[in-house]
Amino acid sequence: MSEVVAEGLVAALCGAGAIMAYGVRARSSTLFGPSVYHGSPARNAVALTFDDGPSESTPALLKILDEHQAQATFFQCGANVERLGEVARAVARGGHEIGNHTYSHRPLYLHSSGFIENEVTRAQESIVKIARVKPTLFRAPFGARWPGLASAQRKLGLLGVMWTVIGRDWKLSADAIVARVMRHICNGAIVCLHDGRKLQTKPEIGETLQAVGRLIPLLKARGYRLETVSQLLCPRN
Ligand SMILES: [Zn+2]
């Protein structure tokens, strides 16, 4: 192999690798299925989203949202919904939106189309049966998509949702979460936080709870309406 050909091959491989990395992780990627990461920049509205629930800690979050009359979107795992059906139904009863976050929160990357379809379908069936709502939104575990996801989303009518800002609330203090979210907030922003930790029981989300209790008044003071993701994407007015 000549050096020129070898260099060309390396460049092509690097190019393919970069495209793959973009497709899997970039918030704006739609390579592996239709996906959004923000709403309209023309409206003063934002969406708080919470992943990995329902958990034993979710009711405390529902109480805070209720006190502030704020609606949010919860991307739930099917296995957690089966474990805590009453909490999943309480989320729906509170006027919040429920989205699909796979059944077991295992990463989709490097897995077959069959595995991906099973993870997404099983979660959808659990949420429909137990929470009694039919999700139209999907968020991939770790925000990582993979070939095979587009077909699963199409079959179930699911739109992928990434985020405008992620709170990194699994590791940051409440102060740092609030500062990070407020630094990046803008019209149409989708904010990613967590009311669970994958399939853990009794996850510690104290910093998230404190942060949310402070974020909502700050967002309202800036004139933002707090909407579900579907309301953010399809406003009625
Ligand atoms: Zn997650």
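Residues numbered from 1 in each chain as written. Predicted model: local features only at pLDDT ≥ 70, side-chain atom pairs only at ≥ 80, totals over all residues. Heavy atoms only, no water.

**Student:** Honestly, helix α5 (residues 113-131) in this entry has me stumped. Any pointers?
**Tutor:** Owing to its 3.6 residues per turn, the α-helix aligns residues three or four sequence positions apart on the same side. With 19 residues, α5 extends 26 Å between its outermost C-alpha atoms, agreeing within 8% with the 27 Å of an ideal straight helix rising 1.5 Å per residue. On the buried face of α5, the contacting elements are β3 (73-76), α3 (78-83), α4 (85-93), β4 (97-100), β5 (137-138) and α6 (149-156). Remark: Arg132 follows α5 within two positions and exhibits a positive phi of approximately 65 degrees. (Helix = DSSP H or I, 4+ residues; strand = E, 2+ residues; numbered from the N terminus. Expected span 1.5 Å × (residues − 1). Contact = heavy atoms within 4.5 Å.)

**Student:** So what exactly am I meant to see when it comes to the coordination of the zinc ion here?
**Tutor:** Each donor-metal-donor angle in an ideal tetrahedron of four donors is 109.5 degrees, and each such angle in an ideal octahedron of six donors is either 90 or 180 degrees. Taken together, the protein ligands of the zinc ion are Asp52 (OD), His101 (NE2) and His105 (NE2), with distances of 2.1 Å. Sequence positions of the residues that donate to the zinc ion give the spacing D-x48-H-x3-H. The two residues His101 and His105 agree in class, both being buried. (Donors = N, O, S within 2.8 Å, 3.2 Å for Na, K, Ca; no water. Buried < 20%, exposed > 50% of the residue type's maximum accessible area, 1.4 Å probe, protein only.)

**Student:** How should the side chain of Asn100 be read in this particular structure?
**Tutor:** Note on placement: Asn100 falls in strand β4. Among the polar contacts made by the side chain of Asn100, one reaches the main-chain carbonyl oxygen of Val120 at a distance of 2.9 Å. Only 3.0 Å separates the side chain of Asn100 from the side chain of Gln124, close enough to count as a polar contact. Those residues in contact with Asn100 that sit more than four places away from it in its chain are Phe75, Gln76, Val120, Ala123, Gln124, Ile127, Pro135, Leu137, Phe138, Arg139 and Leu158. (Polar contact = N/O pair within 3.5 Å; in protein donor to acceptor, adjacent residues only side chain to side chain.)

**Student:** Just checking my understanding: could you explain the pairing of strand β2 (residues 45-53) for this structure?
**Tutor:** The two faces of the sheet receive side chains in turn, since in a regular strand these alternate between them. For β2, a buried count of 9 out of 9 residues is recorded, marking the element as mostly surrounded by other parts of the structure. Where β2 meets strand β9 (residues 225-226), 2 bridges bridge the pair, whose relative direction is parallel. Residue Ala45 lies in a different strand from β9, and its bridge partner there is Arg225. Bridge count for β2 against strand β8 (residues 190-194) is 5 bridges, and the pairing is parallel. Following the sheet pairing, Ala47 is matched in β8 by Ile190. (Pairing = 2+ DSSP bridges.)

**Student:** For this particular structure, what's the right way to read unusual backbone geometry?
**Tutor:** Trans is the prevailing form of peptide bonds, just as negative phi is the prevailing case for residues other than glycine. A cis amide bond, omega -5 degrees, links Gly53 with the succeeding residue Pro54. Looking at the element boundaries, Pro54 is found in the loop between β2 and α2 (58-67). Even without a glycine there, the phi angle at Leu110 is positive, about 70 degrees. One non-glycine residue, Arg168, adopts positive backbone phi at about 50 degrees. One can find Arg168 in the loop between β7 (165-166) and α7 (174-184).

**Student:** Explanation requested: the domain arrangement of the protein chain in the structure shown.
**Tutor:** It is common to report an interface's size as the accessible area lost on association of the parts. Under the domain assignment used here, the protein chain contains domain 1 (1-27) and domain 2 (32-233). Put simply, the middle of domain 1 and the middle of domain 2, counted by C-alpha atoms, are 33 Å apart. For the domain 1 face of the interface with domain 2, the top three residues by lost area are Met20, Val24 and Arg27, together amounting to 73%. Seen at the junction of domain 1 and domain 2, the total is 0 salt bridges. Across the contact surface, domain 1 and domain 2 share 0 residue pairs in polar contact (both at pLDDT 80 or more). Of the residues belonging to the side of domain 1 that touches domain 2, the class tally is 3 nonpolar, 1 polar and 2 charged. (Domains from an automatic or database assignment. Buried area = accessible area lost by both parts, 1.4 Å probe. Salt bridge = Lys/Arg side-chain N within 4 Å of Asp/Glu carboxyl O. Nonpolar A, V, L, I, M, F, W, Y, C, P; charged D, E, K, R; others polar.)

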